[in-house]
Amino acid sequence: MDDLKTTLDNAVSALMLNPDDLRSILIEGHTDNQLPQGDIAERYPTNWELSSARAANVVNYLIYKGVMPGRLTASGYAHRWPAGATWGEVRSGKVDDNYILAKNDDKNQQAQNRRIKIIFGVK
């Protein structure tokens, strides 16, 4: 968590506090294909809730750090957009249950899928 905060702090100061930069900033939350377990499952029973909460927590942190709220959007994708899948693959339906299963084949792949992405809009 401290690594994420350090990364976000660096991004805020370098990219997000310029008052002349009004680009939108999309925060995407992602998960692996394993259902939440234990205490996390009580609060987030599905990967949809978990991924959305990840994105929302980052948005809240960025607002706390001074980023203009109107620039920020949070979106959760659960396990439906594994690491390495392109926008075109997701939108065309190529990312199906078999694809997702293959992209979660081992612990390393699952760890890569538990992530936040920050996407800046065009000027």
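The coordinates are above.
The rules we used
- Residues numbered from 1 in each chain as written.
- Predicted model: local features only at pLDDT ≥ 70, side-chain atom pairs only at ≥ 80, totals over all residues.
- Heavy atoms only, no water.
- Helix = DSSP H or I, 4+ residues; strand = E, 2+ residues; numbered from the N terminus.
- Contact = heavy atoms within 4.5 Å.
- Areas by Shrake-Rupley, 256 points an atom, 1.4 Å probe, with all protein chains shown as cover.
- Lys, Arg positive; Asp, Glu negative; His and termini not counted.
- Charge placed at Lys NZ, Arg CZ, Asp CG, Glu CD.
- Salt bridge = Lys/Arg side-chain N within 4 Å of Asp/Glu carboxyl O.
- Buried < 20%, exposed > 50% of the residue type's maximum accessible area, 1.4 Å probe, protein only.
- Pairing = 2+ DSSP bridges.
- Axes fitted to C-alpha atoms, helices over the stretch in contact; angles between N-to-C directions.

**Section: the overall build of the protein**
The helix and strand inventory of the protein stands at 6 helices and 3 strands. Written out in order from the N terminus, the α and β elements of the protein read α-β-α-α-β-α-α-α-β. In terms of principal-axis extent, the alpha carbons of the protein reach across some 45 × 35 × 20 Å. For the protein, the proportion of contacts with a sequence separation of at least 24, taken over those separated by at least 6, is 69%. Of the roughly 7600 Å² of accessible surface on the protein, a fraction of 53% belongs to carbon and sulfur atoms. Measuring between centres, the 15 positive side-chain charges of the protein sit 5 Å from its 15 negative side-chain charges.

**Comments concerning the pattern of salt bridges**
Applying the stated criterion across every chain yields a total of 6 salt bridges. Two residues, D9 and K65, come together in a salt bridge whose shortest N-O distance is 3.7 Å. With D9 in helix α1 (residues 2-16) and K65 in the loop between α3 (47-64) and β2 (72-76), this residue pair connects regions lying 56 residues apart in the sequence. On the basis of relative accessibility, which here comes to 29%, the residue D9 falls in the partly exposed class. On the basis of relative accessibility, which here comes to 32%, the residue K65 falls in the partly exposed class. Counted as one network, the salt bridges with shared partners bring together D21, R23 and R71.

**Examining the environment of G88**
Inspection of the secondary structure puts G88 in helix α4 (residues 87-92). Taking relative accessible area as the criterion, G88 reaches 36% and is therefore assigned partly exposed. Along the sequence, G88 and D3 sit 85 residues apart, while their C-alpha atoms lie 30 Å from each other.

**Remarks on the sheet that holds strand β3 (residues 116-120)**
What the 3 strands build is an open sheet, ordered β2-β1-β3; its pairing is mixed. The sheet is open, and its two borders are formed by β2 and β3, each paired with just one other strand. Mean inter-strand twist for the sheet, computed between neighbouring axes without regard to direction, equals 20°. Both strand β1 (residues 25-29) and β3 contribute to a ladder of 5 bridges, which runs antiparallel. Bridge assignment links I27 to a residue of β3, and that residue is I118.

**Structural notes on the environment of I25**
Looking at where I25 falls in the secondary structure, it is placed in strand β1. Setting aside anything within four residues of it in sequence, one finds I25 in contact with M16, V67, R71, L72, T73, I118, I119 and F120.

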